[in-house]
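Examination of the molecular architecture
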Amino acid sequence: MNEIHEGFKILVMKGSRGRVVITYGTFDLLHQGHINLLRRARELGDYLIVGVTSESYDLQRGKLNVRQPLSERIKNVERTGLADLIIVEEYEGQKIEDIERYNVDIFAIGSDWKGKFDYLKDFAEVVYLERTRGISSTDLRGYLKLGIIGTGRIAQRFINEAKYVSGVLVEWVYHPNEEKAKAFAQKFELSVGTGNLSEFFSEVDAIYIATPHHTHYEYISKGLQANKHVLAEKPMVLSHNQAKELFALAYERKKVLLEAIKTAFAPSFRRIIGLARSRRVGQIVHVDATFTKLISEGRELDPTQAGGSVTELGSYVLLPTVKLLGTNIKASFLSKRGPTGVDIWTRITSLTEGKAATGRVGIGVKEEGDLVIGGTTGYIYVPAPWWKPKCFEIRREDPSQNETYCDVFAGDGLRYELAHFAQLIQQGRIESHLLRPEESIAIAGVIEQFLLGKNVSWL
Ligand code: C2G
């Protein structure tokens, strides 16, 4: 641990310090919410220790998009005048050591972490302080103000992941049923829950669309027309032409439109595709990706809400397909229908000159969820769940030549798509190189073909 840093002074502990409080944070682009938190923590006792996360610890815990170096973040905390001692948080497990080392009485942290630090109760009193809602915009230079459309499961997961992406403020939620929007805002301590779309748009720079598949097109279109950047859950839309039209609109409005296929932005997947394209297993001949998730009720089984395994999971298996076969693919399908009429299992075969891909998806059939990229000198093997990749292997005829690679895949992984989306906007770039518009358009085209019954055989 590093107590003494050049450029900032450590206040000397004089005599009895009374009740000692400790809090931790990244404190990137310090804003009023951070300052309020520090003040509230200071008021809990007589002596406040602030742990500022190091770059390497943020990497380790999966905090993304942190823009200020540690030294600057420490200076900003110091300038508040609220900290009696500033330390650096460098590794997981350090909190307990700090509590014991500094005889800490109270561990305080914002309520967005409610429950997460209960394990510290054996060592100190744990207090979750109410986080600040609706910070004034003059205080938020450099922040992306993002609103969520939809209040379902994925929206909830997104909120939990968003706190790991620095520079993004999620304070707004829209649902056509205002009661639902308000309940969601209340539960996740967001400042605005509304059923009024224009009021919602007037507050935000960007939107995340987490609604049922068949409603995406309309929300994306309205969002872009209101000049908002759009991150849209997969499948972004259900037809080639709709996807093309929306990307053209985004281009015209100079706004980012990104399909939220989380895998595309994950460190390990990027490496897998990079190695495959660098011919580490020779020429790619066959890509085989499977993703099944047994679902017994809900929207996924409802034909009127574009349910089925292709619409639900097709975007995932088609991702390595378009990455490695390109976007000019011919697809055919073999499917099994379930009792509600939607496909509960489908094998998608994609072909392009000299290469093939098989994607298997199921919501009523279970299979091994791995990814195999077969080439002329070996294959890349990514074990299940390959869509949340961590370790994978390059395997060769001679197993002594195999190589293993590992990368982090933090949390639910939604943070990677959000961090990439925020970075594109911050850098003034419209198109993602990790999931290009043509790739999303091709994926929408394959899904559309299936929905139209083109080249579909039924078991
Ligand atoms: N905070 C707040 N109100 C906001 C934003 C943040 O009260 N509108 C609080 C957070 O809850 C946290 C502190 O400010 O207690 C610092 O927030 P971050 O810099 O985002 O750091 P964080 O990722 O929350 O670090 O070990 C690190 C800690 O686990 C948390």
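The structure we're discussing is the one just above.
Note that the structure is predicted; figures quoted are calculated from it, not measured. (Residues numbered from 1 in each chain as written. Predicted model: local features only at pLDDT ≥ 70, side-chain atom pairs only at ≥ 80, totals over all residues. Heavy atoms only, no water.)

Right, let's talk about the pattern of salt bridges for a bit. Under the defined criterion, the tally for this structure stands at 25 salt bridges. In this structure, arginine 253 and glutamate 252 form a salt bridge, with 4.0 Å as the shortest nitrogen-oxygen distance. A salt bridge links arginine 360 to glutamate 367; its shortest N-O distance comes to 3.8 Å. (Salt bridge = Lys/Arg side-chain N within 4 Å of Asp/Glu carboxyl O.)

A separate point is the state of the cysteines. In the structure shown here, the tally under the stated rule is one disulfide. Shown here is the disulfide that connects cysteine 391 with cysteine 406, its sulfur atoms set 1.9 Å apart. Measuring handedness by torsion sign, the sulfur bridge of cysteine 391 and cysteine 406 sits at about 110° and is right-handed. In this pair, cysteine 391 sits in strand S18 (residues 391-395) while cysteine 406 sits in strand S19 (residues 403-406), placing the two residues 15 residues apart along the sequence. You can call cysteine 406 partly exposed: its relative accessible area is 44%. (Disulfide = S-S within 2.5 Å. Helix = DSSP H or I, 4+ residues; strand = E, 2+ residues; numbered from the N terminus. Buried < 20%, exposed > 50% of the residue type's maximum accessible area, 1.4 Å probe, protein only.)

Time to look at the site of the ligand. Residues in contact with the ligand amount to 21 residues; listed here are only the nearest, Phe27, Lys63, Glu89, Asp112 and Trp113. Within the backbone of threonine 132, one N or O atom sits 3.0 Å away from a nitrogen atom of the ligand. For the ligand, the accessible surface in isolation is 620 Å², of which the surrounding protein chains cover 94%. Of all the elements, helix H1 (residues 32-43) adds the most residues to the shell around the ligand, at three residues. In terms of residue class, the shell around the ligand is built from seven nonpolar, eight polar and six charged. (Near = heavy atom within 4 Å. Polar contact = N/O pair within 3.5 Å; in protein donor to acceptor, adjacent residues only side chain to side chain. Areas by Shrake-Rupley, 256 points an atom, 1.4 Å probe, with all protein chains shown as cover. Nonpolar A, V, L, I, M, F, W, Y, C, P; charged D, E, K, R; others polar.)

What follows is about the layout of surface pockets. What the second largest pocket holds in volume is close to 680 Å³. Lining the second largest pocket are 33 residues, and of these Arg153, Ile154, Arg299, Glu300 and Glu312 sit closest to its centre. Residue assignment for the lining of the second largest pocket shows that the elements contributing at least two residues are helix H5 (153-162), helix H8 (216-225) and helix H11 (309-325). For the lining of the second largest pocket, the per-class residue count stands at 13 nonpolar, eight polar and twelve charged. Structurally, the lining of the second largest pocket is a two-domain feature, drawing no fewer than three residues from each of domain 2 (137-261) and domain 3 (264-458). (1 Å grid on protein atoms, 1.4 Å probe; cavity = no way out; pocket = protein on both sides within 12 Å on 5 of 7 lines; lining within 4 Å. Points joined across faces, edges and corners; volume = space filled by probe spheres on them. Domains from an automatic or database assignment.)

Bringing the sheet that holds strand S13 (residues 330-337) into the picture now. With respect to topology, nine strands assemble into an open sheet ordered S19-S18-S17-S16-S12-S15-S14-S13-S20, the strand pairing being mixed. Unpaired on one side and paired on the other, S19 and strand S20 (456-458) mark the two borders of the sheet. Ignoring strand direction, the axes of neighbouring strands in this sheet form an average angle of 15°. Sheet topology places strand S17 (residues 379-382) next to S18; three bridges connect them, and they run antiparallel. Residue pairing in the sheet places isoleucine 380 in a bridge with isoleucine 394 of S18. Running over the sheet, helix H10 (residues 267-277) touches strand S12 (284-292), strand S16 (371-375), S17, S18 and S19 and is turned about 15° from S18. (Pairing = 2+ DSSP bridges. Axes fitted to C-alpha atoms, helices over the stretch in contact; angles between N-to-C directions. Contact = heavy atoms within 4.5 Å.)

Moving on: the packing of H8 against helix H9 (residues 240-253). Where H8 contacts H9, the two axes come as close as 10 Å, and the packing angle between them is 15°. Considered as vectors, H8 and H9 are oriented roughly parallel to each other. In this structure, H8 crosses over H9, and the sense of that crossing is left-handed. Mapping the contact onto sequence places Tyr217, Ile220, Ser221, Leu224 and Gln225 in H8 and Gln242, Glu245, Leu246, Leu249, Ala250 and Arg253 in H9. (Parallel < 35°, antiparallel > 145°, perpendicular 65-115°, else oblique. Left-handed = near helix turned anticlockwise from the far one by under 90°.)

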